[in-house]
Amino acid sequence: MTGHMTPEEFRAHGHRAVDWIADYLAGIESHPVRSRVRPGEVRSALPEHPPERGEPFDAVLADLDRVLLPGVTHWQHPSFFAYFPANASGPGILGDLLSAGLGVQGMVWATSPACTELETVVVDWLAELLGLPKAFRTDAAGGGVIQDSASSASLVALIAALRRAGGGVVADRGIAGHYRLYVSSQTHSSLEKAARVTGIGAANVRLVDVDPDTLAMDSAHLRRLLAEDRAAGAVPAMVCATVGTTSTAAVDPVPEIGAVCREHGVWLHVDAAYAGVAAVCPELRWIDDGVAEYADSYATNPHKWLLTNFDCTVLWLADRAPMIDALSILPEYLRNPATTSGEVIDYRDWQVPLGRRFRALKLWAVLRWYGAEGLRAHIRTGVALAAELAELVAADPAFELWRPQRFGLVCFRPLWPGLPDAEADAATMALLEWLNDSGDLYLSHTKVPVGHERVLLRMAIGAPATERRHVLAAWERIRAGYALTARERGVPVRSR
Ligand SMILES: *Cc1c(COP(=O)(O)O)cnc(C)c1O
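Residues numbered from 1 in each chain as written. Predicted model: local features only at pLDDT ≥ 70, side-chain atom pairs only at ≥ 80, totals over all residues. Heavy atoms only, no water.

Observations regarding the environment of Pro 449
Piece 1. Along the chain, the position of Pro 449 falls in strand 10 (residues 444-450).
Piece 2. For Pro 449, a relative accessible area of 26% translates into the label partly exposed.
Piece 3. Sequence separation between Pro 449 and Leu 435 is 14 residues; the distance between their C-alpha atoms is 25 Å.
Piece 4. Ignoring any residue separated from it by four or fewer positions in sequence, one finds Pro 449 in contact with Gln 186, Pro 212 and Leu 215. (Helix = DSSP H or I, 4+ residues; strand = E, 2+ residues; numbered from the N terminus. Buried < 20%, exposed > 50% of the residue type's maximum accessible area, 1.4 Å probe, protein only. Contact = heavy atoms within 4.5 Å.)

In structure tokens:
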């Protein structure tokens, strides 16, 4: 153990590691969904100092079982319904393993041509599978690129938008605080972060009103804000519309917002991190409405609901030029004939970091293993189970379903007759903790502005292992927990 692992040692340990993963996935239901460790518990079970002498790899696997596994929350558990899914799949895991095995740094074409060219093929394939516009294909003016996260995709989109809004000024001389970014209260927090990082500043993020019933962005208010800001001498840099918001999966009206952006010549970014992949199903392709006509950039996360291990976000642009103008830097040590010839893509100009992993391998493995059919079947399972759960919630007088219910997400609220709003929300949160402490399922919550902020429970269905029985069992647990909490708080139970 004092030297490198030989290929034969790797083969033996690798087989054990793959067996470990297969056993883990086969037995995943034996674990509590949410980890029960207390803060510091994992850390204190690990040695304070690094080993001086190498240890056998089996010791690592043993500690994985003994120390780490209790501190793991099981995102692939069929009863994991919190946040959004983070799909892993056999082909996704193996694609990531192969990428690790190759250990490639794909910063420019010349550092591994296959890393770049496979990525070009799979992002074009995915654009076709999702019915995204021809302009997003690499052979047109635009193109797609794999990013680590939707947050990075938003940041790159904003950098490109600033470049276009400010001519050469943004990258060359900084920004003088007069750019504006337009989002709604429902937009993901990564957009505000992008405004901070780019120097636009959080104070220059404008909040567009939402429709109180659907929580979708109000395009008329957007038009007024743009006109106001223009009149005051500010430069609108970008509008972010969301298809499937993080809180309730609300859908902003992209065609209307796009028309307003067009009037004002403002960059439109569409954040479809969670829901975008649903367009693989023709019956859900309405979510692409307005994208072909108006979107300058568009991002979705195969690592959420399309069976591809984290990390894998795809960002597409209708015109790649402003992004490349803003981000391309060619130091002498990266100069090479292929780059100079202009015949190749160097994806380091399409992202903030220089180095990049061979992420295309896992997406390629997933698209080939499942085929379009398999991907559609996965999305349809989540949508159908969510619709069935929504009907159960709507039929139960003790609960209120949040509508519109969309995709694989069901939001709802237990009713606590007689309790003032603040106490009712506290009861909802107590119920949530009771459920999550049980280890049998894991839900999360959000707050929605209905007059004032109210708590909703969120149940996101979309883990590959989730079957109807898991959803029905979760619903029974929720009803049982509700009855218990209601009794404790002296609320008359109205459940059927
Ligand atoms: C999850 C989510 C994000 C952030 O995704 P990351 O890939 O974790 O950065 C952004 N926008 C929306 C709408 C999301 O749901």
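Focus on the domain arrangement of the protein chain
Piece 1. Assigned domains within the protein chain: domain 1 (7-34 + 73-89 + 375-496) and domain 2 (105-358).
Piece 2. If you look at the interface, domain 1 gives 30 residues, while domain 2 gives 32 residues.
Piece 3. Both faces combined, the contact of domain 1 with domain 2 buries some 2,500 Å², and carbon together with sulfur accounts for 67% of it.
Piece 4. Considering only the side of domain 1, the residues that lose the most area to domain 2 are Phe 84, Ile 379 and Phe 407, jointly responsible for 29% of the buried surface there.
Piece 5. Applying the counting criterion to the domain 1 and domain 2 interface returns 1 salt bridge.
Piece 6. The interface formed by domain 1 and domain 2 contains 12 residue pairs in polar contact (both at pLDDT 80 or more).
Piece 7. Residue assignment for the side of domain 1 that touches domain 2 shows that the elements contributing at least two residues are helix 15 (360-395), strand 9 (409-414), strand 10 and strand 11 (452-460). (Domains from an automatic or database assignment. Buried area = accessible area lost by both parts, 1.4 Å probe. Salt bridge = Lys/Arg side-chain N within 4 Å of Asp/Glu carboxyl O. Polar contact = N/O pair within 3.5 Å; in protein donor to acceptor, adjacent residues only side chain to side chain.)

Comments concerning the sheet that holds strand 2 (residues 179-184)
Piece 1. Within the open sheet, the 7 strands sit side by side as 1-7-6-5-4-2-3. Their pairing is mixed. Lying at the two open borders of the sheet, with one neighbouring strand each, are strand 1 (143-147) and strand 3 (205-208). Each adjacent strand pair in this sheet contributes to an overall mean axis angle of 20°, direction not counted.
Piece 2. Pairing geometry for strand 2 and strand 3, over 4 bridges, is parallel. The partner of Val 183 across the bridge, within strand 3, is Leu 207.
Piece 3. Each of strand 1, strand 2, strand 4 (235-242), strand 5 (267-271), strand 6 (297-300) and strand 7 (313-317) touches helix 6 (residues 150-166); the most contacted strand, strand 4, lies at about 150° to it. (Pairing = 2+ DSSP bridges. Axes fitted to C-alpha atoms, helices over the stretch in contact; angles between N-to-C directions.)

Structural notes on the UniProt feature "modified residue: N6-(pyridoxal phosphate)lysine" (unreviewed entry) in the protein chain
Piece 1. Cross-referencing UniProt, the feature "modified residue: N6-(pyridoxal phosphate)lysine" (unreviewed entry) maps to Lys 304 in the present numbering.
Piece 2. Following the sequence through the fold, Lys 304 ends up in helix 12 (residues 302-305).
Piece 3. If near-sequence neighbours (up to four positions away) are discounted, Lys 304 is found in contact with Phe 84, Pro 85, Ala 86, Asn 87, Ala 273 and Tyr 274. (UniProt positions renumbered as here; feature names shortened; annotations may be inferred.)

A word on the sheet that holds strand 8 (residues 399-401)
Piece 1. A sheet is described by the order of its strands in space; here 4 strands give the open sequence 8-9-11-10, paired in antiparallel fashion. A single partner strand is all that each edge strand has here, and the edge strands are strand 8 and strand 10. If you compare each strand with its neighbour and ignore which way they point, the axes differ by 40° on average.
Piece 2. By the bridge criterion, 3 bridges tie strand 8 to strand 9 in an arrangement that is antiparallel. Looking at the pairing, Glu 400 lines up with Arg 413 of strand 9.
Piece 3. Contacting strand 9, strand 10 and strand 11, helix 16 (residues 421-437) crosses the sheet at an angle of about 20° to strand 11.

Brief notes about a nonpolar patch on the surface
Piece 1. A cluster of nonpolar residues, Val 18, Leu 94 and Leu 97, forms a patch on the protein surface that exposes about 250 Å² of accessible area.
Piece 2. Tracing the sequence through the fold places Val 18 in helix 1 (residues 7-26). (Patch = residues over 30% accessible without salt bridge, like charges linked within 9 Å, V, L, I, M, F, W, Y side chains within 5 Å. Areas by Shrake-Rupley, 256 points an atom, 1.4 Å probe, with all protein chains shown as cover.)

Observations concerning the packing of aromatic side chains
Piece 1. A full pass over the atoms with the stated rule returns 17 aromatic pairs.
Piece 2. Taken together, a centroid distance of 6.3 Å and an interplanar angle of 80° make the contact between Tyr 274 and Phe 407 edge-to-face. Remark: Phe 407 occurs in the loop between strand 8 and strand 9 and Tyr 274 occurs in the loop between strand 5 and helix 11 (291-294); sequence separation between them is 133 residues.
Piece 3. Arranged with centres 5.1 Å apart and planes meeting at 50°, the rings of Phe 399 and Tyr 482 form a pair that is tilted. On the criterion of sequence distance, the pair formed by Phe 399 in strand 8 and Tyr 482 in helix 17 (residues 468-488) is long-range, its members being 83 residues apart.
Piece 4. Judged by its relative accessible area of 5%, Phe 399 is buried.
Piece 5. The exposure class assigned to Tyr 482 is buried, which follows from its relative accessible area of 0%.
Piece 6. An aromatic cluster is present here, built from Phe 84, Tyr 274, Trp 286, Trp 305 and Phe 407 joined pairwise through their rings.
Piece 7. Of note, Arg 458 hangs over the ring of Phe 84, and the distance from its end group to the ring centre comes to 4.9 Å. (Phe/Tyr/Trp six-rings, centres within 6.5 Å; stacked < 30°, edge-to-face > 60°. Lys NZ or Arg CZ within 6 Å of the ring centre and 35° of its normal.)

Things to note about the site of the ligand
Piece 1. Surveying the vicinity of the ligand reveals 14 residues, the closest of which are Ala 150, Ser 151, Thr 246, Asp 271 and Lys 304.
Piece 2. A distance of 2.6 Å separates an oxygen atom of the ligand from a polar atom in the side chain of Ser 151.
Piece 3. One of the side-chain nitrogen or oxygen atoms of Asn 301 is found 3.1 Å away from an oxygen atom of the ligand.
Piece 4. Isolated, the ligand exposes 390 Å² of accessible area, and the fraction of that covered by the protein chains is 87%.
Piece 5. At the level of secondary structure, the elements contributing two or more residues to the shell around the ligand comprise helix 6 and helix 12. (Near = heavy atom within 4 Å.)

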